[in-house]
Amino acid sequence: MLYENVSNFYLLLFMIFGNILYSQSTNNVWKEVETETEKLKKAVDTKNESAEAESYYNIGETFFNNRNFSKSEEYFLKSKTIYEKLNDKQNLKK
């Protein structure tokens, strides 16, 4: 009986700390995306296509590093389209 209570206690602790770590990770991702989105807005407003593509790429990289591959692909493709339009061969290698 005591062993079962101790096991349940450790399981509860693991769940709590796991949720805290996941929450912190998710918050960091959204902070990074928010920061890069502000840069993206400035790039669009100033019609700076190179900076726009770089922002799309950086947002995609943030999602990729957080293992959100479908979202990262969406942003990588947006950056690729702009880099192709600009004939930016260096950044197309990314």
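See the structure printed just above.
Residues numbered from 1 in each chain as written. Predicted model: local features only at pLDDT ≥ 70, side-chain atom pairs only at ≥ 80, totals over all residues. Heavy atoms only, no water.

Undergrad: Explanation requested: the nonpolar core in the structure shown.
TA: Looking at soluble globular proteins, one finds that nonpolar side chains tend to be buried together. Core analysis: the biggest nonpolar cluster contains 10 residues, these being Val 29, Val 33, Leu 40, Ala 53, Tyr 56, Ile 59, Phe 63, Tyr 75, Ile 82 and Tyr 83. Per-element tally for this core: the top contributor is helix H2 (residues 49-65), with four residues. Setting aside residues up to four positions removed in sequence, Tyr 83 forms contacts with Ser 50, Ala 53, Glu 54, Asp 88, Asn 91, Leu 92 and Lys 94. (Core = buried A, V, L, I, M, F, W, Y, C linked by side-chain atoms within 4.5 Å. Buried < 20%, exposed > 50% of the residue type's maximum accessible area, 1.4 Å probe, protein only. Helix = DSSP H or I, 4+ residues; strand = E, 2+ residues; numbered from the N terminus. Contact = heavy atoms within 4.5 Å.)

Undergrad: Sorry, what's going on with helix H3 (residues 69-86) here?
TA: Look at H3: 25 Å from first C-alpha to last across 18 residues, which is about the 26 Å you get at 1.5 Å a residue. Taken as a whole, H3 has its buried residues at Ser 72, Tyr 75, Ser 79, Ile 82 and Tyr 83. Buried residues in H3, looked at end-on, bunch into an arc of 100 degrees, giving them a common side. Of the exposed residues in H3, the ones pointing more than 90 degrees away from its buried face are Ser 70 and Lys 85. The positive-phi residue at the C-terminal boundary of H3 is Asn 87, with phi of around 55 degrees. (Expected span 1.5 Å × (residues − 1). Arc of directions from axis to C-beta.)

Undergrad: Which parts of the structure should I look at to understand H2?
TA: Note on helix geometry: an α-helix contains 3.6 residues per turn, so any two residues three or four positions apart are oriented the same way. Taking 1.5 Å of rise per residue, the 17 residues of H2 would be expected to cover 24 Å, and the 24 Å separating its terminal C-alpha atoms lies within 8% of that figure. Those residues of H2 not exposed but buried are Glu 52, Ala 53, Ser 55, Tyr 56, Tyr 57, Ile 59, Gly 60, Thr 62 and Phe 63. Arg 67, located one to two residues past H2, shows a positive phi value of around 65 degrees.

Undergrad: I keep staring at the environment of Val 33 and nothing clicks. Help me out?
TA: Of note, Val 33 is situated in helix H1 (residues 2-45). Note on Val 33: relative accessible area 8%, which makes it buried. Val 33 sits 23 residues away from Tyr 56 along the chain, and the two C-alpha atoms are 9.8 Å apart. In this structure, Val 33 is in contact with Ile 59, Thr 62 and Phe 63, ignoring residues within four places of it in sequence.

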